[in-house]
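# Reading the structure
As a plain string of letters, each chain reads:
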Amino acid sequence: MIQNKIIRTLIIGSNFGYHSHFYALKKIQCKIIDIASPNIYKKKISNNNLRKFKNYKLALKKNKYDLITCAVPPLIQEKIIIYIMKKNISVKYLFFEKPYAINLKLLKKSINYFTKKNILINVNFIFPKNTQWIEFIKLLKRESLTSIKYRWFFKQTFYINFQKSWKIIENQGGGIYYNYLIHLIYNILF
């Protein structure tokens, strides 16, 4: 369990990383929080308590971290995972967005590597806190169901407006299966 003992944190990704991960980290009172993103200086992040880096590799070369959080597309996240393993980066906790990786070989290799190194891996699943999911899980626990018909209505802007985004491109880790079905599987299993 992540507690207030974590002091040094690196957020990789300045959009969701800053607007979501940063504020969650503040709640667990992380003392030093750095943020890395290629476009970090274009963003209007006026927080003077954040040290900013244009490149996560530079941040990792200059500093030692207890926690690294990633809020980037899956293909970039895979590059970060490979870099951490290749450079033998010492860290206590890694926090990833889903999907963790779309390359199954990398997924298995990295989980084995992080387990051997005693690095705790967490993946961000927000749906378990959603009221509809909570009711769905309660239903599954009290009923003996033989089949389920589930209907999803998507109101994401990238689906409605056909915006170009990794979130709708399957070979980049997006699409209904990679980006959303994983929530259903997670909730049924856990």
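Please refer to the structure higher up on the page.
So, how was this worked out
Residues numbered from 1 in each chain as written. Predicted model: local features only at pLDDT ≥ 70, side-chain atom pairs only at ≥ 80, totals over all residues. Heavy atoms only, no water. Helix = DSSP H or I, 4+ residues; strand = E, 2+ residues; numbered from the N terminus. Buried < 20%, exposed > 50% of the residue type's maximum accessible area, 1.4 Å probe, protein only. Contact = heavy atoms within 4.5 Å. Areas by Shrake-Rupley, 256 points an atom, 1.4 Å probe, with all protein chains shown as cover. Expected span 1.5 Å × (residues − 1). Core = buried A, V, L, I, M, F, W, Y, C linked by side-chain atoms within 4.5 Å. Patch = residues over 30% accessible without salt bridge, like charges linked within 9 Å, V, L, I, M, F, W, Y side chains within 5 Å. Salt bridge = Lys/Arg side-chain N within 4 Å of Asp/Glu carboxyl O. Lys, Arg positive; Asp, Glu negative; His and termini not counted. Charge placed at Lys NZ, Arg CZ, Asp CG, Glu CD. Polar contact = N/O pair within 3.5 Å; in protein donor to acceptor, adjacent residues only side chain to side chain.

A tally of helices and strands in the protein chain yields 7 helices and 6 strands. Its helices and strands in sequence order give the protein chain the pattern β-α-β-β-α-β-α-β-α-β-α-α-α, from N to C terminus. Counting every position in the protein chain, which comprises 190 residues, the buried fraction comes to 40%. Long-range pairs, those at least 24 residues apart, make up 61% of the contacts in the protein chain with a sequence separation of at least 6. Put simply, the protein chain shows about 12,600 Å² of open surface, and 55% of that area lies on carbon and sulfur atoms.

This brings us to helix H3 (residues 74-86). If you check H3, its first and last C-alpha atoms are 18 Å apart, about what 13 residues at 1.5 Å a residue would give, namely 18 Å. Within H3, the full set of buried residues consists of Pro74, Gln77, Glu78, Ile80, Ile81, Tyr83, Ile84 and Met85. Those residues of H3 that are buried lie in contact with strand E1 (8-12), helix H2 (56-62), strand E4 (67-70), strand E5 (93-96) and helix H4 (104-116). Following H3 by one or two positions, Asn88 adopts a phi angle in the positive range, close to 50°.

On to the nonpolar core, then. Leu10, Ile12, Leu60, Ile68, Leu94 and Phe114 are the most contacted members of the largest nonpolar core, which totals 26 residues. Sorting the residues of this core by element identifies E1, H2, E4, H3, E5 and H4 as the ones contributing at least two each. Here the element with the most residues in this core is H3; it accounts for 5 residues. If you look at the next biggest cluster of nonpolar residues, it comprises 12 residues, including Ile11, Leu25, Ile40 and Ile45.

This brings us to a positive patch on the surface. Taken together, the side chains of Lys57, Lys61, Lys79, Lys86 and Lys87 make up a positively charged region of the molecular surface. Elements with a contribution of two residues or more to the positive patch: H2 and H3. Counting through the fold element by element, Lys57 comes out in helix H2. The exposure class of Lys57 is partly exposed, given its relative accessible area of 34%.

Another aspect to go through is the pattern of salt bridges. A full pass over the atoms with the stated rule returns 3 salt bridges. Salt-bridge contacts for Arg8 lead to Asp66; the nearest nitrogen and oxygen are separated by 2.6 Å. Of this pair, Arg8 sits in strand E1 while Asp66 is found in the loop between H2 and E4, placing the two residues 58 residues apart along the sequence. Look at Asp66 and you get buried, because its relative accessible area is 5%. Put simply, Lys92 and Asp66 hold a salt bridge, and the shortest N to O gap is 3.8 Å. Of this pair, Lys92 sits in the loop between H3 and E5 while Asp66 sits in the loop between H2 and E4; the two residues are 26 residues apart in sequence, bridging distant segments of the chain. A network of salt bridges, in which partner residues are shared, links Arg8, Asp66 and Lys92.

So, on to the side chain of Glu97. By secondary structure assignment, the location of Glu97 is in the loop between E5 and H4. Assessed through its relative accessible area of 10%, Glu97 is described here as buried. Within the structure, Glu97 has its side chain in polar contact with the side chain of His21 (distance 2.6 Å). Leave out the neighbours within four places in its chain, and Glu97 touches Phe16, His21, Cys70, Ala71, Gln77, Val123 and Asn124.

What follows covers unusual backbone geometry. Not every positive phi belongs to a glycine, and Asn88 is a case in point at roughly 50°. Following the sequence through the fold, Asn88 ends up in the loop between H3 and E5. In the Ramachandran plot, Asn118 falls in the positive-phi region, its phi being about 60° despite a non-glycine side chain. As for its placement among the helices and strands, Asn118 is situated in the loop between H4 and strand E6 (120-123).

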